[in-house]
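Coordinate inspection notes
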Amino acid sequence: MIVNDPKIEAPVLHLIGEEADRLGLECYVIGGWVRDLFLHRPSDDIDVVVVTSDKVTKDKVTKDKVTKEEGRSGIGILLAEAVAKRLGKGAHIAVFKTYGTAQVKHKGQELEFVGARRESYRRDSRNPIVEDGTLEEDQNRRDFTINAMAICLNKHSYGELLDPFDGIGDLERCIIKTPLDPDITFSDDPLRMMRAIRFATRLGFNLDGETFDAIARNKERIGIITKERIAEELNKIMLSRRPSEGWILLDKTGLLPLIFPELAALKGVEVKEGRGHKDVFYHTLKVLDNIANLSPALSSREGDKLEDRELWLRWAALLHDIGKPRSKAWDPQAGWTFRNHNYIGAKMVPKIFARLKLPLNEKMEYVRKMVDLHMRPINLIEETVTDSAVRRLLFEAGDDIDDLMLLCDADITSRNEQKVERFHRNYQLVRQKMVELEERDRIRNFQPPVNGDEIMAMFHLEPCSLVGELKAAVKDAILDGVIPNEREAAIQYINELWQKKQK
Ligand code: ATP
Ligand code: MG
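Reading the values: the criteria
- Residues numbered from 1 in each chain as written.
- Chains lettered and ligands numbered in written order.
- Predicted model: local features only at pLDDT ≥ 70, side-chain atom pairs only at ≥ 80, totals over all residues.
- Heavy atoms only, no water.
- Axes fitted to C-alpha atoms, helices over the stretch in contact; angles between N-to-C directions.
- Helix = DSSP H or I, 4+ residues; strand = E, 2+ residues; numbered from the N terminus.
- Parallel < 35°, antiparallel > 145°, perpendicular 65-115°, else oblique.
- Left-handed = near helix turned anticlockwise from the far one by under 90°.
- Contact = heavy atoms within 4.5 Å.
- Near = heavy atom within 4 Å.
- Polar contact = N/O pair within 3.5 Å; in protein donor to acceptor, adjacent residues only side chain to side chain.
- Areas by Shrake-Rupley, 256 points an atom, 1.4 Å probe, with all protein chains shown as cover.
- Nonpolar A, V, L, I, M, F, W, Y, C, P; charged D, E, K, R; others polar.
- Domains from an automatic or database assignment.
- Buried < 20%, exposed > 50% of the residue type's maximum accessible area, 1.4 Å probe, protein only.
- Pairing = 2+ DSSP bridges.
- Core = buried A, V, L, I, M, F, W, Y, C linked by side-chain atoms within 4.5 Å.

Moving on: the packing of helix α15 (residues 308–319) against helix α20 (residues 401–410). It is at 11 Å that the axes of α15 and α20 come closest, and there the two elements cross at 45 degrees. Between α15 and α20, the interaxial angle falls into the category oblique. Of the two possible hands of crossing, α15 and α20 adopt the one that is right-handed. Contacts between α15 and α20 involve Arg309, Leu313 and Ala317 on the former and, on the latter, Asp403, Leu406 and Leu407.

Here we take up the site of ligand 1. Around ligand 1, 15 residues are found, and the nearest of them are Arg35, Asn147, Asp189, Arg192 and Arg198. For ligand 1, an oxygen atom lies 3.2 Å from a polar atom in the backbone of Gly32. In this structure, Arg198 approaches ligand 1 through a side-chain N or O atom, which is 2.7 Å from an oxygen atom. Compared with its free state, where it exposes 590 Å², ligand 1 has 78% of that area covered by protein. Secondary-structure elements contributing two or more residues to the shell around ligand 1 are α2 (32–39) and α8 (191–203). Sorting elements by how many residues they give to the shell around ligand 1 places α8 first, with four residues. The residue makeup of the shell around ligand 1, split by class, is one nonpolar, three polar and eleven charged. Formed jointly, the shell around ligand 1 draws a minimum of three residues from each of two domains, domain 1 (6–173) and domain 2 (174–259).

Mapped onto the fold, Asp138 is located in helix α5 (residues 135–140). Asp138 sits in the buried class, given a relative accessible area of 0%. Setting aside its immediate chain neighbours within four residues, Asp138 contacts Ile30, Val49, Gly115, Ala116 and Arg117.

On to the pairing of strand β3 (residues 91–96), then. With six bridges connecting them, β3 and strand β4 (residues 101–106) associate as antiparallel partners. Bridge pairing in β4 places His92 opposite Lys105. Hairpin connection, β3 to β4: the antiparallel pair is bridged by four residues, and Gly100 has positive phi, about 65 degrees.

Backbone geometry places Glu273, a non-glycine residue, at a positive phi of 45 degrees. Tracing the backbone through its elements, the reader meets Glu273 in the loop between β12 (271–272) and β13 (275–276). According to the relative accessible area criterion, Glu273 is exposed, its value standing at 64%. At Asn340, a position not held by glycine, the phi torsion is positive, near 60 degrees. Relative to the helices and strands, Asn340 is located in the loop between β15 (335–338) and α17 (341–356).

This next bit is on the nonpolar core. Counting 137 residues, the largest nonpolar core has Leu79, Trp247, Phe260 and Trp315 as the members making the most contacts within it. When residues of this core are assigned to their parent elements, the largest contribution, nine residues, is made by helix α4 (residues 74–87). Judged by nonpolar contacts, the second largest core, of eight residues, contains Tyr28, Ile30, Val51 and Cys152.

Now for the sheet that holds strand β2 (residues 45–52). With respect to topology, seven strands assemble into an open sheet ordered β3-β4-β5-β2-β1-β8-β9, the strand pairing being mixed. At either end of the open sheet lies a strand with only one pairing partner, and these are β3 and β9 (161–162). Contacts from helix α1 (residues 11–23) reach β1 (25–30), β2 and β5 (109–115) within the one sheet, and its direction differs from that of β1 by about 155 degrees. Sitting on the sheet, α4 is in contact with β1, β2, β3, β4 and β5, with an inclination near 145 degrees to β5.

Each domain of the chain was delimited in the assignment, giving domain 1 (6–173), domain 2 (174–259), domain 3 (282–446) and domain 4 (452–502). The C-alpha centroid of domain 4 is placed 57 Å from the C-alpha centroid of domain 2.

Rendered as structure tokens:
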């Protein structure tokens, strides 16, 4: 089949084909770009696989252009250099000799060149022994049928699709399926199990039955994959349109307890005296999807480019109730309780981030804070709530208050529509109250108007606990509305406190 799509007529693709013809090489655009072409999804990265053509013996190419030391797949580099040269000034080339690959950046596009390869695996590593191979062998080692399609760029068959595993059919059927025996594919490189679930989630596809079963059978092999790689896939799942689908597949295949036991522990409902509680796992996933729905216009591919903030808000949604299993208790009167689950959950966040190899920086701190504070707004919906309580929350949440309110809105997952309506309305009132107070008192990014150095200077003090006490007293007085958020009032207040202490 000859592909008929304007994208394949891009000048840069013709240029690559021409350079390959000149060098006596065959070349194909392969993998994600081809898949996304048929899915009509944007895709910047172009992977090009290069094969020595029948017309030119490999010896000639290696003798002329690529020395033995330059490694097996020197032909990828060779073509990349020719392409970069033709593209001229706007192109930047990076060569990775050890891997036999080269990357050309041009007008925001990344062109990746590599010689066709054959792989063989050892049991203890996902890094294969690599040798030169044919196009067919290169397609055999690809992860999924939809990722194994190649389009020829040489003039003699420009645009011809080589699709040995009916990737086109699987795209139509919306199926993720390995090209060869899935047990071997997954055992060879267990990262592919994560990739299968990531692609299914990202594209809204199903896992082929045998592929699914093979993941379940090979799940323990995930142990040889680094945490960093797993985290990368998890983040891609998180940025999909419906991230819950990925977590459900991880659960159903049995991978979840191996990579994230705390999340797996949210599953299930315990019943006592006829009273059950919510299944926290499915509730959590609903909250996560609710948060993801706040970015409705995103195509899943644009997901990569989502603001960081979006990603970490989604992580906060995933972790908001993570402390529930540890705080669960049965109270004969009240039924199931989860006291302090927000606090317990917040304490778990740094440990979970460390284990999953997520960043231990301000992103983690943000997620920790959101988990910690997620029950606070709900306590503010009563009529009688004091301004002081609202100010304290504004102060603690700071600039993240809007995200916190989004999370709380998303957290309402009751099936009772009237109840949901009522909660949303009440949150609107809380927001209104926050806006009014913020306008009046500017609490959100409030820094106490008198700092410790000033307090020490005022009373000729050395650093001591009294300084901290006075500072905290001023902060509390402002948050409680005893004094306005102004410097003069603060100084006067400290002076009064000092006088009292002197008596
Ligand atoms: P994305 O849109 O996420 O970039 P992609 O399909 O381009 O999707 P990449 O990780 O960029 O994914 O990999 C490019 C291609 O390389 C894939 O389409 C697939 O053919 C192949 N590939 C990548 N990783 C593996 C793997 N672990 N096992 C087998 N083939 C792989
Ligand atoms: Mg890619």
